[in-house]
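Chains, contacts and geometry: an overview
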Amino acid sequence: MRSRAPSETPPAPPIDPTTFTPQFRWRGGDLICERTSLAEIATRHGTPTYVYSRAAIEANYREYSAALRGLSATICYSVKANSNLSILRLLARYGSSFDIVSGGELYRLQQSEISPSRVVFSGVGKTREEIGEALRAGILLFNVESEAELEVLQDEAARLRKRAPVAIRVNPDVEAGGHRHIATGCHQHKFGLDWPAARRLYRTHRDSQWLNWKGISAHVGSQILDLKSLRRELERLVEFVGELRRDGIPLQCIDIGGGLGIRYAFEKPPSISQFAGIVTRALKPLGCHVLLEPGRSIVGPAGVLLTRVILTKVNRGKPFVVVDAGMNDFIRPALYSAVHPVTPIKRGKTRPKIIRADIVGPVCESGDCFLHDWPIEEVQEGDVLALWGAGAYGFVEASNYNARPRPAEILVSGIIAKIVRRRESRNDLVHGE
Ligand code: LLP
C-alpha cells in the first residue's frame, strides 16, 4: 500500500485497471462503465464525480452469497465503506444485511426503508442515545466492545423493557491489514476486549434478564491480502467458542467482521470465493450461524473518481498534472499512502508518449498528491482521468476542506447513469452557519 519511491522503475506501459475490473472496459478509444461512456458522464455531470457500476456491486455480493452456500451465513455489508442510499437499497434488494457503527448509519438504513432487524451494530464508542435508538428500532445484534458499554446496554434494555441481542467483540491479537491505521485486531488497538476480559463478561452476565446472548464477534483489520491472518483469527474464535461452551454459554452466532482486501494496483488478493472457502472450512464444524461484514471487497472495485486536468506544469524538471479532485474528495492516498492508479478515459490509435508525473489536486497541502512519479500518457488541460478503486472509503471520507463542494455520485446500470447524490453547491457550503 505504500507509494512507490521515485527511484523505483515504473511499470511500463502504465497499469490498465480494466484488466482486473471487468465492468469497466474499452470500447474503441472510450472507457466505458457497463455500457455508458465515462466521457459522456464527465461532460454531462461535470467533475470531480464518483461513478459506480451497479453490475460490479451485484457481482461481488453474489460471489459472496454463492461461495457461502454451504454455510448458514448472513452477509452484513459494512455501511461505512459506501453509505449512499441507492447503494444500500441495491444491496438490500440482493438480500444483504448491514453492519453499522453509528446512529447516523442506522438513520441512513431507515431512510432506505431497510428493516433494523437486518442490522448489526459494532463500534468502540456507542453513546447511550445511539444504544437506546438501536434497541427501540429492534436491531439484530449489538457487538459490545467494553464492560462499560455492556452496562449501558443492560440499563437501556431494562429501561425500555426489551432484551438486547448481544455479542462481545473480542480482540484476537492477530496482526492483519494493509496499513497500521486500518489494522484493528492487535492487543494495542482500542477495539474489542482481550479474551480473559471477554470471558469474564460472558460469565458474570450470563443470566442477565436483559441480555440475550447471541454470539461472539471480531474484526482484525481491513485490506487483508494474506489469508494466514484470517485463518489465525478464525482458529482463535473457534477456541473461544469452545471455552464458552464448556462454561455453559452456548452461542448461536459468530461474526467474523470484514477485511478482505482488493487489487488496487499491484496487490494480489485472494478471491471472494477463496476467502469464503476458508471461512466455511474453519467454521462449519462449530454449527454456529456465521455473520460476515465485508465492505471494501463489495464496493471498492465498483467505483472510479472522474477528475479533469486543470493544467500541467514542470517544476525544476519534475512534471506535475494538476487535477480538479483533491484530498478532500478522496483521502486514501494522503491518509494511508494508498496507490490508486490514475489513467485517461480516452485513448488514441497511436502509442502515446508516457511521462512520469506527480498527479496532484488543488488543495493547499503537499499531501494533496494522488500519485508520485506515476507513469501516465501525456495529458493536457481538459482531459478527463479516472482514479481507480474509489468505490469504498471514497465519498464517505470526503470533506469540504478548502471550501470545496463534495463531488456528485453517479450509479451506472447498463446505459443508464443515474445521479444518486447531486454535487454540492456553494450554498451547501454555508448551510447551517
Ligand atoms: N466490520 C468492522 C467492525 C469494521 O471496523 C470494518 C472496517 C468492516 C467491518 C469493513 O471492513 P472491510 O471489509 O471494508 O475491510 N478507511 C480505511 C478502512 C477502514 C476500515 C474500518 N473498519 C481505508 O480506506 O482503507
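What counts as what
- Residues numbered from 1 in each chain as written.
- Predicted model: local features only at pLDDT ≥ 70, side-chain atom pairs only at ≥ 80, totals over all residues.
- Heavy atoms only, no water.
- Pairing = 2+ DSSP bridges.
- Helix = DSSP H or I, 4+ residues; strand = E, 2+ residues; numbered from the N terminus.
- Axes fitted to C-alpha atoms, helices over the stretch in contact; angles between N-to-C directions.
- Domains from an automatic or database assignment.
- Buried area = accessible area lost by both parts, 1.4 Å probe.
- Polar contact = N/O pair within 3.5 Å; in protein donor to acceptor, adjacent residues only side chain to side chain.
- Nonpolar A, V, L, I, M, F, W, Y, C, P; charged D, E, K, R; others polar.
- Near = heavy atom within 4 Å.
- Areas by Shrake-Rupley, 256 points an atom, 1.4 Å probe, with all protein chains shown as cover.
- Core = buried A, V, L, I, M, F, W, Y, C linked by side-chain atoms within 4.5 Å.
- Buried < 20%, exposed > 50% of the residue type's maximum accessible area, 1.4 Å probe, protein only.
- Contact = heavy atoms within 4.5 Å.
- Parallel < 35°, antiparallel > 145°, perpendicular 65-115°, else oblique.
- Left-handed = near helix turned anticlockwise from the far one by under 90°.
- Expected span 1.5 Å × (residues − 1).
- Arc of directions from axis to C-beta.

1. Some words on the sheet that holds strand E1 (residues 24-27)
Strands sit in the order E1-E2-E3 across an open sheet of 3 strands; the sheet is antiparallel. Looking at the sheet topology across the chains shown, the edges are occupied by E1 and strand E3 (36-37). Strand direction decides the pairing type here: E1 and strand E2 (residues 30-33), joined by 4 bridges, are antiparallel. Bridge assignment links arginine 27 to a residue of E2, and that residue is aspartate 30.

2. A short note on the pairing of strand E20 (residues 416-421)
As paired elements, strand E19 (residues 408-413) and E20 share 5 bridges and run antiparallel to each other. Across the sheet, the residue bridging to leucine 411 is lysine 418, located in E20. Joining the antiparallel neighbours E19 and E20 is a turn of 2 residues, in which glycine 414 adopts a positive phi near 65°.

3. Describing the sheet that holds strand E9 (residues 164-169)
With parallel pairing, 8 strands are arranged side by side around a closed barrel as E5-E6-E7-E8-E9-E10-E11-E12. When the angles between neighbouring strand axes are averaged without regard to direction, this sheet yields 30°. Sheet topology note: the strand E5 (residues 73-78)/strand E6 (residues 97-100) ladder contains 3 bridges and is parallel. Note on E6: the bridge partner recorded for serine 78 is aspartate 99.

4. Side note on the domain arrangement of the chain
Here the chain is partitioned into domain 1 (17-53 + 300-430) and domain 2 (55-298). Measuring from the centre of the C-alpha atoms in domain 1 to the corresponding centre in domain 2 gives 32 Å. The largest share of the area that domain 1 buries against domain 2 comes from Phe20, Tyr336 and Tyr393, three residues that together contribute 27% of it. Where domain 1 touches domain 2, the interface holds 10 residue pairs in polar contact (both at pLDDT 80 or more). It is helix H11 (residues 332-336) that contributes the most residues to the side of domain 1 that touches domain 2, 3 residues altogether. Of the residues assigned to the side of domain 1 that touches domain 2, the class counts are 14 nonpolar, 7 polar and 4 charged.

5. Considering the site of the ligand
Every one of the 17 residues lining the ligand counts as a neighbour, but Ser222, Glu293, Arg332, Tyr393 and Glu397 are closest to it. Between the ligand and glutamate 293 there is a distance of 2.5 Å, counted from a nitrogen atom to a side-chain nitrogen or oxygen. In this structure, an oxygen atom belonging to the ligand sits 2.9 Å away from a main-chain N or O atom of glycine 295. Protein chains shield 92% of the accessible area of the ligand, which is 590 Å² for the free molecule. Each of two domains, domain 1 (17-53 + 300-430) and domain 2 (55-298), supplies a minimum of three residues to the shell around the ligand.

6. Details of the nonpolar core
Phe142, Ile216 and Ile254 are the most contacted members of the largest nonpolar core, which has 101 residues in total. Among the elements that take part in this core, helix H8 (residues 227-246) stands out by supplying 7 residues, more than any other. Mapped onto the domain boundaries, this core takes at least three residues apiece from domain 1 (17-53 + 300-430) and domain 2 (55-298). Residue contacts for phenylalanine 142: discarding those within four places in its chain leaves Phe121, Ile131, Ala134, Leu135, Leu153, Ala164, Pro165, Val166 and Ala167. One finds Leu31, Leu38, Ile41 and Val412 within the second-largest nonpolar core, a separate group that totals 17 residues.

7. Describing unusual backbone geometry
Residue proline 48 follows threonine 47 across a cis peptide bond; omega there is -5°. Considering the arrangement of structural elements, one finds proline 48 in the loop between helix H1 (38-45) and strand E4 (49-53). Positioned with a positive phi, glutamine 223 is a non-glycine residue whose angle comes to about 55°. One can find glutamine 223 in the loop between strand E10 (211-217) and H8.

8. Here's the deal with the packing of helix H2 (residues 54-67) against helix H3 (residues 85-94)
At a minimum axis distance of 10 Å, the contact between H2 and H3 shows a crossing angle of 40°. The orientation of H2 relative to H3 falls into the category oblique. As H2 packs across H3, the resulting crossing turns out to be right-handed. Each of Arg54, Ile57, Glu58, Tyr61 and Arg62 in H2 lies in contact with H3, whose residues at this interface are Ile87, Leu90, Leu91 and Tyr94. In terms of residue class, the contact of H2 with H3 is built from 6 nonpolar, no polar and 3 charged.

9. Quick notes on H2
An ideal rise of 1.5 Å per residue puts 20 Å on 14 residues; H2 measures up with 20 Å between its terminal C-alpha atoms. Regarding H2, the residues found buried are Ala56, Ile57, Asn60, Tyr61 and Tyr64. Relative to the axis of H2, the buried residues are bounded by an arc of 130° and lie together on one face. The elements touched by buried residues of H2 are E4, E5, H3, helix H9 (272-283), helix H10 (296-299) and E19. Measuring from the side-chain oxygen of the N-cap residue of H2 to the backbone nitrogen of alanine 55 gives 3.4 Å; that N-cap residue is serine 53.

10. Considerations on H8
Structural remark: α-helix, 3.6 residues per turn; residues separated by three or four positions point the same way. Compared with an ideal rise of 1.5 Å per residue, which puts 20 residues at 28 Å, H8 spans 29 Å between its outermost C-alpha atoms and is within 8% of the ideal. Those residues of H8 lying buried are Leu227, Ser229, Leu230, Glu233, Leu234, Leu237, Phe240, Val241, Gly242, Glu243 and Leu244. Packed against the buried residues of H8 are helix H7 (195-204), E10, strand E11 (253-255) and H9. Its side-chain oxygen placed 2.8 Å from the backbone nitrogen of lysine 228, aspartate 226 serves as the N-cap of H8. Positive backbone phi, at 80°, marks glycine 248, one or two positions downstream of H8.

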